[in-house]
Amino acid sequence: MKTLIAYYSRGGVTAKAAKKLQELTGGDLFEITGEKNYGGYFTALRIARKEFSENELPKVINNVGDFASYDRILLGFPIWYSKCPQLVMTFISQYNFNGKEVFPFCTSGTSGPDTAVELLAKACEGATVHPGLRLNKFREDAVREWLGRK
């Protein structure tokens, strides 16, 4: 099974979780990069609120070379207003997720992934979207269970 670990990280916390997932799974790492700079935490929240209210899909400036070759996608993001950033939704809209297994993971100070995963499941048409995992603190046993690899 070929694994892609695609993630967006504004402040580096999600990037650290993605790199630990790469060490554990041997998957390919891909950072979702947008043309917009979200700045500091409060600036990012202000921009995110506007994107959510206007259903804006900001531009992603890089792409996965051979997305079709991946069976399993570990999709990471920070939680903003109980959702994943709109940049992640843009990323999803650019690829065919039909038949893929999607494992969402998030980082957040307060919120869990449930609302974000519901939205992702609708956007990843034809994919099997598994329950999300909050990875502020990386526990290998929890990750293995999440991935079904005890």
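What comes next is a walk through the structure. Keep in mind the model is a prediction, meaning the values are calculated, not measured. (Residues numbered from 1 in each chain as written. Predicted model: local features only at pLDDT ≥ 70, side-chain atom pairs only at ≥ 80, totals over all residues. Heavy atoms only, no water.)

Quick notes on the overall build of the protein chain
Looking only at helices and strands, the protein chain features five helices and six strands. When the helices and strands of the protein chain are placed in sequence order, the string is β-α-β-α-β-α-β-α-β-β-α. For 150 residues, the compact-globule formula gives about 15 Å, and the C-alpha radius of gyration of the protein chain, at 14 Å, lands near that figure. Its C-alpha atoms put the protein chain at 40 × 30 × 25 Å along the principal axes. Counting across all 150 residues of the protein chain, residues that qualify as buried make up 47%. Nonlocal contacts in the protein chain, meaning residues at least 24 apart in sequence, comprise 78% of its contacts between residues at least 6 apart. As displayed, the protein chain offers around 7800 Å² of accessible surface, 45% of which is attributable to carbon and sulfur atoms. Counting 20 positive and 16 negative side-chain charges, the protein chain places the centres of these two groups 6 Å from one another. (Helix = DSSP H or I, 4+ residues; strand = E, 2+ residues; numbered from the N terminus. Rg over C-alpha atoms; globule rule 2.2 N^0.38 Å. Buried < 20%, exposed > 50% of the residue type's maximum accessible area, 1.4 Å probe, protein only. Contact = heavy atoms within 4.5 Å. Areas by Shrake-Rupley, 256 points an atom, 1.4 Å probe, with all protein chains shown as cover. Lys, Arg positive; Asp, Glu negative; His and termini not counted. Charge placed at Lys NZ, Arg CZ, Asp CG, Glu CD.)

As for the nonpolar core
Among the nonpolar cores identified, the biggest contains 34 residues, and Ile-32, Leu-75, Phe-91, Ile-92 and Phe-97 are the most heavily contacted of them. Going through the elements one at a time, strand 1 (3–7), helix 2 (41–54), strand 3 (72–78), helix 3 (86–93), strand 4 (101–107) and helix 4 (114–123) are the ones with two or more residues in this core. Look past the residues within four positions of Phe-97 in its chain and what remains in contact with it is Phe-67, Ile-73, Phe-91, Ile-92, Val-102, Cys-124, Glu-125, Gly-126 and Ala-127. The next biggest cluster of nonpolar side chains, apart from the first, holds 15 residues, and it includes Ile-5, Ala-18, Leu-24 and Leu-147. (Core = buried A, V, L, I, M, F, W, Y, C linked by side-chain atoms within 4.5 Å.)

Things to note about helix 2
If you check helix 2, its first and last C-alpha atoms are 20 Å apart, about what 14 residues at 1.5 Å a residue would give, namely 20 Å. Residues Ala-44, Leu-45, Ile-47, Ala-48, Glu-51 and Phe-52 constitute the buried set of helix 2. Looking straight down helix 2, one finds that the buried residues subtend no more than 170° of arc, so they occupy a single side. Across helix 2 from its buried face, at more than 90 degrees, point the exposed residues Phe-42, Arg-46, Arg-49 and Ser-53. On the buried face of helix 2, the contacting elements are helix 3. Within two residues after helix 2, Asn-55 carries a phi angle of roughly 50°, on the positive side. (Expected span 1.5 Å × (residues − 1). Arc of directions from axis to C-beta.)

Overview of the packing of aromatic side chains
Two numbers describe a pair of aromatic rings. These are the distance of the centres and the angle of the planes. Applying the stated criterion across every chain, the model contains twelve aromatic pairs. Between Phe-91 and Tyr-95, the aromatic rings sit 5.0 Å apart at their centres with planes inclined by 50°, giving tilted as the arrangement. As far as burial versus exposure is concerned, Phe-91 and Tyr-95 are alike and both buried. Grouped by ring-pair contacts, the aromatic residues Phe-30, Phe-67, Phe-91, Tyr-95 and Phe-97 constitute a single cluster. (Phe/Tyr/Trp six-rings, centres within 6.5 Å; stacked < 30°, edge-to-face > 60°.)

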